[in-house]
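# What the coordinates show
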Amino acid sequence: MKKFFYIILLLTFISCSNSKTIKRTTIAMGSTVEIQVRGVNEVIANKAINAGFEEVRRIDTLFSTYMTGNLMWKLNNTDADEIIVDKEFFYVLKKCDEFWKITDGCFDVTLENLIELIGFDKNSPDIPPSQKIKEALKKIGWENITLKEPNILIKPANIKLNFNACIPGYAADRIANILSNYGIKNYLINVGGEIFARGKDWKIGIQHPRKQFELLATIKVDGKGVSTSGDYEQFFKKGKKTFTHIFNPITGYPANECQSVTVIADDAMTADALSTGIFVLGPQKGIKLAESLKNVEVIIVDSSGVIYQSSNFEKYLSR
């Protein structure tokens, strides 16, 4: 899968342990996938890491919008109104429905037509005339999607899906499950910037959105997912204006109320989706949303550089 539009390598990993770390990387989903493990011998570690890499490639193949003939391609190119999907795909769809609802529509996976129009997928982004944006908006909107248990997706043929704002996090969670099944209790997984870490000795540095060599904060997590969405890794300029790669599905234009959003949650998929949704929502609504959710914390830098933190974010800060 080519580089995810919504996923940015914003996080730095800082180890504070003297125990041996076995670290390996591969390329998948158009970005770097890194797995670090501690506390087991190299044979078990490498078996587990190999299984994790196989899993991320499987997920890549299933959900990629850059391949032809896979399930995503079939969903986006069929004329059928009702499509039978497998259990895993239906699970992801239900999670997307959940994220869409709690973010008041600011997380929306029906944006593929808009992504294609603006051209981020072709590495030649531009803001088209407003009329074309309006036309694209007619072909997006999760409110047009119906999920019918146990495994039927109902959608208009002209609406295309793109899961790039949550699948890397989902992949990190799946790898975490594999490592745990191998008996590994101390590991860090990075799928294109979407993190899941378990164990007492993992610190994660959050990049400052405007100061290249400075950290906004350093956090310490155990059994948590971490995701950052920012406006400074993938963007383009038109005239004197700078446009981020994160789209507002309601207006059809790039979101512009935040510089960066970092979310800590119980799983990486939730952190991944909410970092995007809150980036679009903006700081005030984003903080309010985080405060309303169990085990979700956020730090936000708004477009003016003002920093906002949810009430319990402080407990994750590393001194």
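All of these numbers come straight from a predicted model, not from anything done at the bench.

Cut-offs used in this document
- Residues numbered from 1 in each chain as written.
- Predicted model: local features only at pLDDT ≥ 70, side-chain atom pairs only at ≥ 80, totals over all residues.
- Heavy atoms only, no water.
- Helix = DSSP H or I, 4+ residues; strand = E, 2+ residues; numbered from the N terminus.
- Buried < 20%, exposed > 50% of the residue type's maximum accessible area, 1.4 Å probe, protein only.
- Contact = heavy atoms within 4.5 Å.
- Areas by Shrake-Rupley, 256 points an atom, 1.4 Å probe, with all protein chains shown as cover.
- Pairing = 2+ DSSP bridges.
- Axes fitted to C-alpha atoms, helices over the stretch in contact; angles between N-to-C directions.
- 1 Å grid on protein atoms, 1.4 Å probe; cavity = no way out; pocket = protein on both sides within 12 Å on 5 of 7 lines; lining within 4 Å.
- Points joined across faces, edges and corners; volume = space filled by probe spheres on them.
- Nonpolar A, V, L, I, M, F, W, Y, C, P; charged D, E, K, R; others polar.
- Core = buried A, V, L, I, M, F, W, Y, C linked by side-chain atoms within 4.5 Å.
- Expected span 1.5 Å × (residues − 1).
- Polar contact = N/O pair within 3.5 Å; in protein donor to acceptor, adjacent residues only side chain to side chain.
- Salt bridge = Lys/Arg side-chain N within 4 Å of Asp/Glu carboxyl O.

### Overview of the overall build of the protein chain
Tallying secondary structure elements over the protein chain gives 8 helices and 16 strands in all. When each of the 319 residues of the protein chain is scored for burial, the buried share is 57%. Considering only intrachain contacts with a sequence separation of at least 6, the fraction spanning at least 24 residues in the protein chain is 66%. Accessible area for the protein chain stands at about 13,800 Å²; split by element, carbon and sulfur atoms hold 49% of it.

### Comments concerning the sheet that holds strand β14 (residues 258–265)
What the 8 strands build is an open sheet, ordered β2-β3-β7-β8-β11-β14-β15-β16; its pairing is antiparallel. Lying at the two open borders of the sheet, with one neighbouring strand each, are β2 (21–28) and β16 (307–309). Sheet twist, expressed as the average angle between the axes of neighbouring strands with direction ignored, equals 10°. Examined bridge by bridge, strand β7 (residues 186–191) and strand β8 (residues 194–198) share 5 bridges and lie antiparallel to one another. Bridge pairing in β8 links Asn190 to Ile195. The strands touched by helix α7 (residues 268–281) are β8, β11 (224–230), β14 and β15 (297–302); relative to β14, the strand with the most contacts, the crossing angle is about 155°. Its contacts with the sheet place helix α8 (residues 283–292) against β14, β15 and β16, and it is angled at close to 175° to β15.

### A word on the layout of surface pockets
What the second largest pocket holds in volume is close to 150 Å³. Taken together, 12 residues form the lining of the second largest pocket, with Thr65, Trp73, Asn76, Glu112 and Glu116 sitting closest to its centre. Looking at the lining of the second largest pocket, the elements with two or more residues in it are α2 (71–77) and α4 (112–118). For the lining of the second largest pocket, the leading source of residues is α2, giving 4 residues. Of the residues contributing to the lining of the second largest pocket, the split by class is 4 nonpolar, 4 polar and 4 charged.

### Topic: the sheet that holds strand β6 (residues 152–154)
The strand order across the open sheet built from 3 strands is β4-β6-β5, with neighbouring strands paired in antiparallel fashion. The open sheet has two free edges, formed respectively by β4 (82–84) and β5 (146–148), since each of these has just one partner strand. Neighbour-to-neighbour, the strand axes of this sheet turn through a mean angle of 25°, independent of strand direction. Two elements, β5 and β6, share 3 bridges in a ladder whose sense is antiparallel. Bridge pairing in β6 links Lys148 to Ile152. Contacts from helix α3 (residues 87–102) reach β5 and β6, with the element oriented near 135° to β5.

### Brief notes about the nonpolar core
Ranked by size, the top nonpolar core spans 49 residues in total, and within it Phe63 and Phe163 carry the most contacts. Examining the composition of this core, we find that 8 residues originate from one element, helix α1 (residues 42–63), more than from any other. Counting 19 residues, the second largest nonpolar core, distinct from the first, contains Cys258, Ala265, Val280 and Ile287.

### Regarding α1
Spanning 22 residues, α1 covers 31 Å between terminal C-alpha atoms, matching the ideal 32 Å at 1.5 Å per step. Among the residues of α1, Ala45, Ala48, Ile49, Ala51, Gly52, Phe53, Glu55, Val56, Ile59, Asp60, Leu62 and Phe63 are the ones counted as buried. Check the buried side of α1 and you find it contacts β2, β3 (31–38), α2, α3, α6 (167–181) and β7.

### Focus on the side chain of Asp97
Residue placement: Asp97 occurs in helix α3. Side-chain polar atoms of Asp97 contact the side chain of Lys101, separated by 3.0 Å. There is a polar contact of 2.8 Å between the side chain of Asp97 and the side chain of Trp142. Dropping the residues within four chain positions of it, Asp97 is found in contact with Trp142 and Leu147.

### Considering the pattern of salt bridges
Opposite charge on two side chains makes pairing possible when the charged atoms of those side chains draw close. Summed over the entire model, instances satisfying the criterion amount to 12 salt bridges. Glu88 is paired through a salt bridge with Arg58; the nearest N and O atoms lie 2.8 Å apart. Residue Glu88 is found in helix α3, and its partner Arg58 is found in helix α1; the two are separated by 30 residues along the sequence. Among the salt bridges present, the one from Lys211 reaches Glu214, with a minimum N-O distance of 3.9 Å. For Lys211, a relative accessible area of 42% translates into the label partly exposed. Its relative accessible area of 36% is what places Glu214 among the partly exposed residues. Each of Glu55, Arg58, Glu88 and Arg174 takes part in one network of salt bridges that share partners.

Just distances and angles here, no functional claims.
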